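# Breakdown of the fold
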Amino acid sequence: MDITSPLVEMRDISIAFGGIKAVDAVSVDLHPGEVVGLLGHNGAGKSTLIKILSGAYRADSGEIRVNGEPVSIGSPRDAKRHGIETIYQTLALADNVDAAANIFLGRELLTPWRTLDDSTMEAETRKVMGRLNPHFRRFKEPVKALSGGQRQSVAIARAIYFNARVLIMDEPTAALGPAETRQVAELILELKRQGIGIFLISHDLHDVFDLADRVSVMKNGRVVGTARTGDVTQDEVLGMIISGKCPAGAVPGPGALRG
Ligand SMILES: Nc1ncnc2c1ncn2[C@@H]1O[C@H](COP(=O)(O)OP(=O)(O)OP(=O)(O)O)[C@@H](O)[C@H]1O
Ligand SMILES: [Mg+2]
């Protein structure tokens, strides 16, 4: 493995649905401990792009590299094998069971006698939740009783317990109030400290600007530009989202207009 390689690179990725180019020659990358925000209006192509990375869709053309090596991602299982996990907006939790049962859902730990190893699963759950959300105490409750932010931390614990290096979060705070949104921001900072790379998708600039190291702005399936958040103002990024013009502090996507 080349230690200078990004965790993930998507190069020149395109996909069309019935003649509409949902994603058109898009390149993005992500380094360890980095948060890259994907921004853009409704229909810009953000979710479609990350669904290609998570294995929900296969690109018509382009290349995905993981740790510098070209990979083929044809299913969510392939993505997970490469350490890429997705937190869906719905979180896909089993509401009637507790955090441990959710974290190990479908990947249960067994004793040498082939029975469920509940005590090890609970101990592991306390360990991984302790890393993410040290104040969490509600280990015995069904997750439907938890707050939105707590549910989010269970979903993230499930992803990282199985060694995710790359986390995709599509609109993670869309359904959350301000306090829970702050809790998710804390979770993201903790994941960064652990060296996990995160693609954070949002159409809310303010949600991502503080957390992201870089942002890539999409419009009509194309990248307008990519910038370090320290090199551009929020107003400039808003201009990229609205007008599709790339300011001086950003690197333009293929064919993008300078503005
Ligand atoms: N399965 C599909 N079949 C047909 N068209 C699709 C499909 N998925 C996405 N599209 C189209 O691709 C384009 C990009 O959609 P996408 O969902 O990626 O946008 P987005 O940036 O995630 O928007 P939002 O902010 O609303 O979530 C849209 O024009 C959408 O209608
Ligand atoms: Mg979307």
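For the structure given in this document, a descriptive report is provided here. (Residues numbered from 1 in each chain as written. Chains lettered and ligands numbered in written order. Predicted model: local features only at pLDDT ≥ 70, side-chain atom pairs only at ≥ 80, totals over all residues. Heavy atoms only, no water.)

Another aspect to go through is the overall build of the chain. A count of helices and strands for the chain gives eight helices and 13 strands. By the compact-globule yardstick of 18 Å for 259 residues, the chain fits well, its C-alpha radius of gyration being 19 Å. If one aligns the C-alpha atoms of the chain with their principal axes, the spans along those axes are about 60 × 40 × 40 Å. Across the chain, the fraction of contacts at a sequence separation of at least 24, relative to all contacts at a separation of at least 6, is 64%. With an accessible surface of roughly 12200 Å², the chain has 52% of that area assigned to carbon and sulfur atoms. Across the chain, the mean location of the 30 positive side-chain charges is 2 Å away from that of the 31 negative side-chain charges. (Helix = DSSP H or I, 4+ residues; strand = E, 2+ residues; numbered from the N terminus. Rg over C-alpha atoms; globule rule 2.2 N^0.38 Å. Contact = heavy atoms within 4.5 Å. Areas by Shrake-Rupley, 256 points an atom, 1.4 Å probe, with all protein chains shown as cover. Lys, Arg positive; Asp, Glu negative; His and termini not counted. Charge placed at Lys NZ, Arg CZ, Asp CG, Glu CD.)

Below, the discussion takes up the packing of helix α4 (residues 118-132) against helix α5 (residues 148-161). Look at α4 against α5: their axes get within 10 Å of each other, and the N-to-C directions meet at 110°. If you check the angle between α4 and α5, you find them roughly perpendicular. In this structure, α4 meets α5 at a crossing whose hand is right-handed. Residues Glu124, Val128, Met129, Arg131 and Leu132 of α4 pack against Ser153, Val154, Ile156, Ala157, Ile160 and Tyr161 of α5. (Axes fitted to C-alpha atoms, helices over the stretch in contact; angles between N-to-C directions. Parallel < 35°, antiparallel > 145°, perpendicular 65-115°, else oblique. Left-handed = near helix turned anticlockwise from the far one by under 90°.)

Turning next to the site of ligand 1. Lining the immediate environment of ligand 1, one finds Phe17, Ala22, His41, Asn42, Gly43, Ala44, Gly45, Lys46, Ser47, Thr48, Tyr57 and His203. Residue asparagine 42 places a side-chain N or O atom 2.8 Å away from an oxygen atom belonging to ligand 1. For ligand 1, whose unbound accessible area comes to 640 Å², protein coverage reaches 60%. Per element, the largest residue contribution to the shell around ligand 1 is three residues, and it comes from helix α1 (residues 46-53). Of the residues belonging to the shell around ligand 1, the class tally is four nonpolar, seven polar and one charged. (Near = heavy atom within 4 Å. Polar contact = N/O pair within 3.5 Å; in protein donor to acceptor, adjacent residues only side chain to side chain. Nonpolar A, V, L, I, M, F, W, Y, C, P; charged D, E, K, R; others polar.)

Function-wise, these values are silent; they only describe arrangement.
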